[in-house]
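Summary of structural features
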Amino acid sequence: MRLPELLAPAGSLRMAATALDYGATAVYAGQPRYSLRVRNNEFGRIEKLAEGIATVHGRGGRFYVVSNIFPHNAKLKTYLADMAPVVALKPDALIMADPGLMLMIRETWPEMPIHLSVQANTVNHAAVRFWRSIGVTRVILSRELSLDEIAEIRQECPDTELEVFVHGALCVAYSGRCLLSGYFNHRDPNQGSCTNSCRWSYDVKPAAANAAGDVWLIEEETRPGQLMPIEEDEHGTYILNSKDLRAIEYVGRLVGIGVDSLKIEGRTKSAYYVARTCQAYRQAIDDAVAGRAFDAGLVAGLADLANRGYTAGFYERHPDGDHQNYLSGLSQMGHSQYVGDLSQYVGSGWAEIEVKNRFGVGDAIELIHPDGNLVVQVERMEKVGADGTATPTDAAPGSGHRVRVPLPPGKEGAFLARLGLQNERLPV
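An unreviewed UniProt entry annotates the protein chain as Putative protease originating from Sulfurisoma sediminicola.

Helix and strand content of the protein chain: ten helices and 23 strands. For the protein chain, buried positions account for 51% of its 428 residues. Across the protein chain, contacts joining residues at least 24 apart in sequence account for 65% of those joining residues at least 6 apart. Carbon and sulfur atoms form 52% of the exposed surface of the protein chain, whose accessible area is close to 19,400 Å².

Moving on, we come to the packing of helix α3 (residues 73-88) against helix α4 (residues 99-108). Taken N-terminus to C-terminus, the directions of α3 and α4 make an angle of 30 degrees; their axes are 11 Å apart at the nearest point. Our classification of the angle between α3 and α4 gives roughly parallel. Here the hand of the crossing between α3 and α4 comes out right-handed. Here α3 contributes L76, Y79 and L80 to the contact with α4, which in turn contributes L101, M104, I105 and T108. Here the residues of the contact of α3 with α4 sort into six nonpolar, one polar and no charged.

Under the criterion given, the structure shown has eight aromatic pairs. Centre to centre, the rings of F43 and F63 are 5.9 Å apart; their planes meet at 85 degrees, and the pair counts as edge-to-face. Of the two residues, F43 sits in the loop between β2 (26-30) and α2 (46-58) while F63 sits in strand β3 (residues 62-67), which places them 20 residues apart along the sequence. A residue is classified by how much of its surface remains accessible, and F63, at 0% relative accessible area, is buried. With a centroid separation of 5.1 Å and an interplanar angle of 70 degrees, the aromatic rings of F130 and W131 are classed as edge-to-face. What makes F130 partly exposed here is its relative accessible area of 44%. For W131, a relative accessible area of 10% gives the class buried.

Cut-offs and rules
- Residues numbered from 1 in each chain as written.
- Predicted model: local features only at pLDDT ≥ 70, side-chain atom pairs only at ≥ 80, totals over all residues.
- Heavy atoms only, no water.
- Helix = DSSP H or I, 4+ residues; strand = E, 2+ residues; numbered from the N terminus.
- Buried < 20%, exposed > 50% of the residue type's maximum accessible area, 1.4 Å probe, protein only.
- Contact = heavy atoms within 4.5 Å.
- Areas by Shrake-Rupley, 256 points an atom, 1.4 Å probe, with all protein chains shown as cover.
- Axes fitted to C-alpha atoms, helices over the stretch in contact; angles between N-to-C directions.
- Parallel < 35°, antiparallel > 145°, perpendicular 65-115°, else oblique.
- Left-handed = near helix turned anticlockwise from the far one by under 90°.
- Nonpolar A, V, L, I, M, F, W, Y, C, P; charged D, E, K, R; others polar.
- Phe/Tyr/Trp six-rings, centres within 6.5 Å; stacked < 30°, edge-to-face > 60°.

Structure follows, in C-alpha cells:
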C-alpha cells in the first residue's frame, strides 16, 4: 500500500514543530488576510511564515500556505503584491478556492503548485477532472462524500492527488457557505471570521397562527423577540450543531483507496491537540500500510481531547440525528485535561512545568512524548516563585504558574494530560 501524507494544522511555529515531532509529514498555515483563520494566527507576519517554512523544510516536511478566501474586489487590488514575498519563500503549494485568484497566481507564477481547497466543495470526479485541466495538482475533496464516492473518484481520476479530512470540526453547511455569522455579527465565514453561530443556543417556538405546527420559529437566547422561521426541506435544516469529525476507524479504508493525504483540522487549537491527534493518526496510518489490525485503543485516546462528541461524518451514508449535538454548542472535556508543558529538568529527577490548567498531588498525569507516553502519579510538588525559589505546595493553581514535580528523566518537551474527571484520583 502507498503511504499517504499526514497533514496537520499550524497556527504557530510551535504547532508546526509539534506536528512533525508527533508524526505529521506536512503542515498547512495561512495568512489572516487571505485564509479562513483570522484569529490565533502567528503567520500574519512574513518573517514568522519564513521561519515556519524554513523549519519544516529543514526537517524534511512539506509546508502548504492557505489562500482560500472568496475575496471581494478590494482584496484583489493588494493580492499579488502581498503574495509576492510568500511565493518567494517557496512553499510546497498554495491551497486555493477562488478561480479568479488562481488565475492571478497562474499568470504571475506559473510554476507555483495549487491545491484546491475544500471550500470549493468538490463532490464528483467530473469536477476533479476540470480542476486538473486548469493546472490544479491536488483536490481536497468535500467533507460531504462517502467512502464509496471517494473510491469512485480515485478510480476515475488516477492522475490527480486527492486529500480528505479525517479529524476536526464540521460545518453545518457545505464548508464556508453558512450565512448565520454574517447575518448576526457581520463576520463572514468565507472571509475567515466565522463566529460559529451554529453552536449558539436556540429556542424553538410554533408560529402564532400555526395550530397544525407546520411552521416553527427559532429564537437565539441573547436576542429575545427576534424570531426566525425554520425553512426545512427533505434534507432538514442547516441551523444545527454538528459533532466533530473522527475518522480514525476509516484510515485503513482510505489508505486502501489510495488517498494521497489525510488531513487534520484545527489551526486555532493548541499544540497539545496537534500532538495527540498526530500521534494517533500516525499509528493508524503505519498500521494500515503494514497490514496490521486497527488498534481500538486509538479511539479512546482521541476521546480524551476536548470535543463536541464525535461522528464519522458522511463517510458512511447517511448519518441520522445522533450525529448532531442538540444539547450544547461547547466542547466537552472528557477524561483528560491539558495541564502543562514540561520545560526542563532541574536537580535530581525534578521536572519544571509551565502550568496550563490546575492539577495537584495525587493526580495521575500522562506524559505525551514522540518516543512513547507514560502515566505517573504526582507524589510531591513545589511552586516556583518569580525569583526561582521553590516551596512545597499541594496543587498548581492554573495558567501562569510554574511548578516542579519528580518525574522520570528523558521526557523534555513533553505535554502533560491529567487523567480522570474533576477531583478523581486514578492509580498508575
